[in-house]
Amino acid sequence: MRELLRRAWVGPLGALVAVYLLFSALAPATFTGGVNLATMLRQTVVVAISSLGMTFVILLGGIDLSIGSAVALTSVVVARLLQSGVGVGGAVALGVLVTAVTGWLNGALTARGKITPFIVTLGSMSVLRGAAKGLAGEQKIDADPRGLDLLMTGGSGAALPAGVWLALLLAAGAAIVLHFTVFGRHVVAIGSNERTARLCGVPVERVIMAVYALGGALTGVAGVLEFSTLTVGDPTDSIGLELEAIAAVVIGGGSLAGGQGSIAGTMLGALLMTVIKTGCTHVGLPNWVQEILTGFIIVVAVGVDRLRRR
Amino acid sequence: MAERLSGSAPRLAARDVTKSFGATRVLDGVSLELDPGSVHAMLGENGAGKSTLMKILAGVERPDAGSLVLDGVPYAPSGPLAARNRGVAIVHQELSLCPHLTVAENIVLGSEPQRFGWLSRAAARERAERALGLLGGSAALRLDARVGALSAAEQQLVEISRALAHDGCRLLILDEPTSSLGHADVERLFTTLATLCERGMTILYVSHFLDEIRRVADRYTVLRDGRVVARGAVRDTTNEELVTAMAGEVVELGTARARTPGDVLLSLRGVRGVRLPNDASLELCRGEVLGIAGLMGSGRTELLRAVFGLDRVRSGVIRVRAVAGPASPGERLAQGVGLVSEDRAREGLALGLSVARNLTLSRLGPLRRRGFLSGRLEQDAAARWIRRLGIRARDGAQRVGELSGGNQQKVALARLLHHDVDVLLLDEPTRGIDVRSRAEIHELIGELCAAGKGVLVVSSHFDELVALCDRVAVMHKGVLGPARPVAGLSEHSLLREAAGA
């Protein structure tokens with residue numbers, strides 16, 4: 001039992017249930033029920049998928065600030081390609097490939113160039129945002145989504161659209177990679193004690209580059225789904241998404257010092273933020289109250305986590 | 001080469017290993033033979049070259065000259081990993097484990113049993129269990145326990161098992177393995193070592209503690225100033241002979257100094273820290289230098305930290321002049337007590353900041369003009385102390401990190417002088433600095449003493465204490481002995497007490 005309580009995701013799960021019950025009591029008519037639940041899940045998808053990559057990066061002891069820009073870039077790339085007549089499959093594949101490559105570059109600069117990831121990704125945040133704007137000619141790109149929109153709008157009422165299932169599938173995959181592969185083990189080892197990992201023969205640089213590339217690819221998937229939601233390529237979209245992703249990881253028990261964090265916790269953290277936002281809207285609280293509440297939750301979650309683990 | 005007693009071929013043979021760092025020759029033609037299935041003790045004072053030799057064996061450093069042969073095959077590891085792959089593993093004093101991983105995960109780290117990248121948990125557990133099994137019944141560790149939650153002793157066992165889990169581990173180097181262990185854990189470790197020896201493992205055991213070496217080691221080698229000065233079978237030697245080998249033949253007795261101590265500045269009664277020290281009492285007077293002799297891990301640094309308020313005091317009384325009770329470092333400074341840390345680079349100084357900033361950090365009050373810090377006054381203050389202590393720096397604006405170790409240490413001392421403290425707590429004030437700076441710092445301590453300050457010096461160079469102090473107290477395993485006048489004490493006698501012989 002004590003062992004179970006020490007699990008990283010127990011805290012955020014408790015918080016999620018508590019917040020859900022609270023809003024259900026405050027706005028029983030609109031907040032409860034399958035339809036709203038499906039809506040909240042749908043709204044969490046983009047943050048959730050980008051947080052998956054962020055979980056790996058933070059477990060490694062790194063950070064990736066370029067995620068919001070990367071999502072915008074992917075949406076623009078996909079829109080541009082669709083507009084110019086490339087097939088759906090090709091557009092999606094190239095959109096994901098672009099961010100996988102930029103992620104890999106982030107990793108290479110961190111691992112081989114020995115520049116701190118905060119600086120590297122602060123730079124690429126600006127570079128990718130600029131690239132998205134340039135590629136889009138500084139405006140939104142309308143493109144026929146050719147069915148891509150169904151990823152997020154498909155399913156009616158309480159039924160879940162394909163994007164939600166995709167997010168769940170990716171989360172399951174990420175958890176499996178983290179727990180059952182040598183790669184996942186090495187990620188945690190590097191975040192826990194990089195020097196020891198190196199001493200034990202872990203290929204530290206290769207793992208770091210792979211993690212940032214993986215994070216980039218997942219961000220690309222998030223970008224595709226963002227395009228499905230908006231059905232336009234928007235270069236000014238998703239500003240600050242990286243901070244939401246970091247918040248999700250941290251609420252889910254992740255430590256910015258590395259070595260600590262879980263996929264389940266991160267997913268619950270991402271969902272918790274959506275529930276707070278939606279709940280506040282249903283209760284009639286203005287946007288600024290939601291932001292203050294979310295801020296408190298982040299700090300309180302980490303503080304409670306510290307106490308719990310003592 | 002010494003004649004070998006046993007008939008079997010040596011596990012490891014080192015011949016004429018030489019290593020210099022800059023102009024200092026740290027190892028000078030060291031030869032060593034280690035037999036299979038035995039514990040070989042390596043002794044020597046700080047700076048004798050033990051750690052350099054260990055680093056060479058573990059592949060961290062490469063020798064300038066000389067050769068190593070492991071089980072008849074030339075051995076020149078390109079790095080720690082290469083050394084491991086040849087079956088040589090080192091367990092450092094500071095443990096290197098991943099605190100977030102479990103015992104089993106740490107043991108197989110870097111060579112996880114796998115199938116196409118997928119972890120094979122059963123195989124990993126089996127291997128970890130086997131490695132722990134090699135330690136004998138003494139290691140009752142849960143494979144799923146998180147390493148960060150284990151005690152220091154348990155973590156050490158994990159690290160030893162990790163070394164053993166590597167196929168064909170044949171030489172295990174233990175660097176001061178008991179320094180962070182309690183009594184029962186030391187016994188457990190000894191049982192483990194005996195088990196490993198029975199299985200043919202060679203263990204190189206580095207320690208200062210003569211009683212430990214008597215218990216575990218078969219043979220010994222003593223290093224002094226980078227040379228082998230004695231070797232043989234432990235049972236054929238006496239503690240007296242070992243101490244003489246470590247400290248040298250010349251016995252310099254301390255001489256009484258012509259100082260008359262004044263009133264008591266600092267007094268400790270039964271001070272006990274969180275882990276260390278266990279019991280420390282002393283009185284430090286105006287105008288005297290009091291030395292604390294102790295080996296690494298004896299609790300000497302912890303004592304100074306407790307007095308200065310950096311570590312919590314569990315029981316006992318610390319009295320500074322008339323004021324009794326615990327205090328924070330800021331309060332201690334206000335009471336006129338200052339500390340120079342043994343770790344210049346990480347604690348003692350902010351290496352990225354200028355000499356002036358470092359020097360004035362604890363007392364910025366006099367540098368204010370109309371409420372704002374004045375750069376002019378700061379530089380003036382720095383220039384004064386640079387001149388006064390003969391700090392070799394361009395000016396007060398130079399970064400401390402650019403100075404030599406000796407000059408950095410003078411900056412750390414100058415901070416206490418700028419603060420005008422009465423009690424100076426100096427932790428290894430001459431560690432890693434050149435001879436000239438050392439002499440200058442000794443001279444400065446003498447002057448401060450004459451000016452009515454009280455100086456408490458911790459050092460592992462016992463000759464330094466004999467030369468510098470009025471009285472010396474020996475710390476052994478957390479307990480501070482009585483302070484005695486230096487007349488009649490010698491490096492030998494202090495070393496003997498500190499090593500528990």
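From a predicted model like this one, the values you see are computed outputs, not experimental measurements. Counting from 1, residues in each chain are numbered in the order their sequence is written. Lettering for chains starts from A, numbering for ligands starts from 1, and both go in the order in which the items are written. In keeping with the predicted nature of the model, local features appear solely for residues at pLDDT of at least 70, side-chain atom pairs appear and are counted solely at 80 or more, and the whole-chain, interface and lining totals rest on all residues.

### Overview of the overall build of chain B
Logical step 1: Per the convention used, a helix needs a DSSP run of H or I reaching at least four residues, while a strand needs a run of E reaching at least two, with both numbered from the N terminus. Helix and strand content of chain B: 17 helices and 25 strands.
Logical step 2: To get the radius of gyration, use the C-alpha atoms; to get the globule rule, take the number of residues to the power 0.38 and multiply by 2.2 Å. A compact globule built from 501 residues should have a C-alpha radius of gyration of about 23 Å, and chain B, at 25 Å, falls within 12% of that.
Logical step 3: On the principal axes, the C-alpha backbone points of chain B span a range of 70 × 55 × 45 Å.
Logical step 4: Out of the 501 residues in chain B, the part that is buried amounts to 48%.
Logical step 5: Within chain B, residue pairs in contact and separated by at least 24 positions form 69% of the contacts whose partners lie at least 6 positions apart. Residues are called buried when their C-beta atom has 20 or more other C-beta atoms within 10 Å, exposed when it has 12 or fewer, and partly exposed otherwise; all C-beta atoms are positioned from the backbone. Contacts here follow a simple rule: the backbone-placed C-beta atoms of the two residues must lie within 7 Å.

### Concerning the packing of helix H8 (residues 162-180) of chain A against helix H13 (residues 263-283) of chain A
Residue and element names in this part refer to chain A.
Logical step 1: Angles run from 0 to 180 degrees between N-to-C directions of axes, and those axes are lines fitted to C-alpha atoms, restricted for helices to the stretch in contact. Running from N to C, H8 and H13 point in directions that differ by 150°, and their axes come no closer than 9 Å. With respect to H13, the axis of H8 lies roughly antiparallel. Contacts from Ala171, Ala174, Ala175 and Leu178 in H8 reach Ile263, Ala264 and Met267 in H13.
Logical step 2: In this classification, the charged set is Asp, Glu, Lys and Arg, the nonpolar set is Ala, Val, Leu, Ile, Met, Phe, Trp, Tyr, Cys and Pro, and all remaining amino acids, among them Gly, are polar. Taken together, the residues that form the contact of H8 with H13 break down as seven nonpolar, no polar and no charged. Working rule for angles: under 35 degrees goes down as roughly parallel, over 145 as roughly antiparallel, 65 to 115 as roughly perpendicular, anything else as oblique.

### Concerning the sheet that holds strand E10 (residues 202-206) of chain B
Residue and element names in this part refer to chain B.
Logical step 1: Strand pairing is defined by DSSP finding a minimum of two bridges between the two strands. Ordered in space as E6-E9-E10-E3-E11-E12, the six strands form an open sheet in which the pairing is mixed. What marks the edges here is a single partner per strand, and that holds for strand E6 (88-91) and strand E12 (227-233). Strand-to-strand twist in this sheet, taken as the mean axis angle between neighbours without regard to direction, amounts to 20°.
Logical step 2: Relative to E12, strand E11 (residues 219-224) runs antiparallel, the two being bridged by six bridges. Note on E12: the bridge partner recorded for Val222 is Ala230.

### Examining the interface of chain B and chain A
Size of an interface, as often reported, equals the accessible area lost when the parts are brought together.
Logical step 1: Each partner contributes residues to the interface: chain B has 17 residues there, and chain A has 18 residues.
Logical step 2: For the side of chain B that touches chain A, the secondary structure elements donating two or more residues are helix H2 (80-85) and strand E8 (118-119) of chain B.
Logical step 3: Among the residues making up the side of chain B that touches chain A, the classes are represented as nine nonpolar, six polar and two charged.

### Thoughts on unusual backbone geometry
Most of the time, phi is negative for any residue but glycine, and the peptide bond is trans.
Residue and element names in this part refer to chain B.
Logical step 1: Going from Leu276 to Pro277, the amide bond is cis rather than trans, its omega being -10°.
Logical step 2: Within the secondary structure, Pro277 is located in the loop between strand E13 (264-273) and strand E14 (280-285).
Logical step 3: Unusually for a residue other than glycine, Asp16 sits at a positive phi of about 50°.
Logical step 4: Within the secondary structure layout, Asp16 lies in strand E1 (residues 12-21).
Logical step 5: The exposure class of Asp16 is partly exposed, given the 14 C-beta atoms found within 10 Å.
Logical step 6: Look at Glu428: it is not a glycine, yet its phi comes out positive at around 45°.
Logical step 7: Secondary-structure assignment places Glu428 in the loop between strand E21 (423-427) and helix H15 (435-450).

### Thoughts on the nonpolar core
Logical step 1: Counting 237 residues, the largest nonpolar core has Ile49(A), Val211(A), Leu172(B), Tyr205(B) and Leu425(B) as its most contacted members.
Logical step 2: If one sorts the elements of this core by residue count, helix H11 (residues 204-230) of chain A sits on top with 14 residues. The nonpolar core criterion groups buried Ala, Val, Leu, Ile, Met, Phe, Trp, Tyr and Cys residues into a set whenever they are joined through C-beta atoms within 7 Å.

### Describing helix H6 (residues 183-198) of chain B
Residues and elements named next belong to chain B.
Logical step 1: Helices are assigned an expected span. That span is 1.5 Å times one less than the residue count. For H6, spanning 16 residues, the distance from its first C-alpha to its last is 23 Å, which sits close to the expected 22 Å at 1.5 Å a residue.
Logical step 2: For H6, the set of buried residues is Arg188, Leu189, Thr192, Leu193 and Leu196. Angular distribution of buried residues about the axis of H6 spans 140°; they occupy a single face of the element. Facing away from the buried side of H6 by over 90 degrees, the exposed positions are His183, Ala184 and Glu198.
Logical step 3: Looking at the packing, one finds that the buried side of H6 touches strand E3 (39-43), helix H4 (121-134), strand E9 (171-175), E10 and helix H7 (210-216).
Logical step 4: Directly after H6, the chain includes Gly200, whose backbone phi takes a positive value near 95°. What the arc covers is the set of directions going from the helix axis to the C-beta atoms.

### Remarks on the sheet that holds strand E17 (residues 323-324) of chain B
All names here are of chain B.
Logical step 1: Strand order in the open sheet formed by four strands is E14-E13-E16-E17, with antiparallel pairing between adjacent strands. On the outer flanks of this sheet lie E14 and E17, each paired with one strand and no other.
Logical step 2: Sheet topology places E13 next to strand E16 (residues 313-320); six bridges connect them, and they run antiparallel. Each residue of the ladder has a partner; that of Gly273, found in E16, is Val313.
Logical step 3: Helix H9 (residues 300-308) contacts E13, E14 and E16 of the sheet and is inclined by roughly 115° relative to E13.

### Thoughts on the packing of helix H4 (residues 67-83) of chain A against helix H6 (residues 117-136) of chain A
All names here are of chain A.
Logical step 1: One can describe the packing of H4 onto H6 by two numbers: an axis separation of 8 Å at closest approach and a directional angle of 25°. Looking at the two axes, H4 sits roughly parallel to H6. Considering only the axes of H4 and H6, their crossing is left-handed. Contacts from Ser69, Ala70, Ala72, Leu73, Val76, Val77 and Arg80 in H4 reach Met125, Leu128, Arg129, Ala131, Ala132, Leu135 and Ala136 in H6.
Logical step 2: Tallied by class, the residues present in the contact of H4 with H6 amount to eleven nonpolar, one polar and two charged. Rotating anticlockwise by less than a right angle from the far helix to the near helix defines a left-handed crossing, while the corresponding clockwise rotation defines a right-handed one.

### A closer look at the environment of Thr32(A)
Logical step 1: Among the structural elements, Thr32(A) can be located in the loop between helix H2 (10-26) and helix H3 (34-59).
Logical step 2: C-alpha separation for the pair Thr32(A) and Gly279(A), spaced 247 residues apart in sequence, amounts to 9.8 Å.

### Re the environment of Ala83(B)
Residues and elements named next belong to chain B.
Logical step 1: Topologically, Ala83 is positioned in helix H2.
Logical step 2: With 23 C-beta atoms packed within 10 Å, Ala83 lands in the buried category.
Logical step 3: In this structure the C-alpha to C-alpha distance between Ala83 and Leu57, which are 26 residues apart in sequence, comes to 7.7 Å.
Logical step 4: Among residues more than four places away in sequence, those in contact with Ala83 are Ala58, Gly59, Pro77 and Val88.

### With respect to helix H5 (residues 152-165) of chain B
Residue and element names in this part refer to chain B.
Logical step 1: In this model, H5 (14 residues) spans 20 Å end to end at C-alpha, consistent with the 20 Å of a helix rising 1.5 Å per residue.
Logical step 2: With respect to burial, H5 is a largely interior element, eleven of its 14 residues being buried.
Logical step 3: Within the span of H5, buried status applies to Gln155, Gln156, Leu157, Val158, Glu159, Ile160, Ser161, Arg162, Ala163, Leu164 and Ala165.
Logical step 4: The inward-facing, buried residues of H5 abut E6, helix H3 (103-107), H4 and E9.

### Details of the pairing of E1(B)
All names here are of chain B.
Logical step 1: Pairing between E1 and strand E4 (residues 65-70): five bridges, direction antiparallel. Across the sheet, Ala14 pairs through a bridge with Leu68, a residue of E4.
Logical step 2: When E1 meets strand E2 (residues 24-34), the two strands line up antiparallel, connected through seven bridges. Residue pairing in the sheet places Ala14 in a bridge with Leu32 of E2.

### Structural notes on the confidence of the model for chain B
Residue and element names in this part refer to chain B.
Logical step 1: Every residue carries a pLDDT, the predictor's confidence in it, which falls somewhere between 0 and 100. Averaged over chain B, the pLDDT score is 89; the fraction of residues at 70 or greater is 97%.
Logical step 2: Every residue in residues 1-6 scores below 50 in pLDDT, and together they form five contacts with partners more than four places removed in sequence or on other chains.
Logical step 3: Confidence metrics for the complex model read pTM 0.83 and ipTM 0.85.

### Some thoughts on the environment of Pro113(B)
All names here are of chain B.
Logical step 1: Note that Pro113 resides in the loop between H3 and strand E7 (114-115).
Logical step 2: Once the C-alpha coordinates of Pro113 and Arg125 are considered, the two residues, twelve residues apart in sequence, prove to be 9.6 Å apart.
Logical step 3: The contact partners of Pro113, leaving out residues within four places of it in the chain, are Val108, Ser120, Ala123, Ala124 and Arg127.

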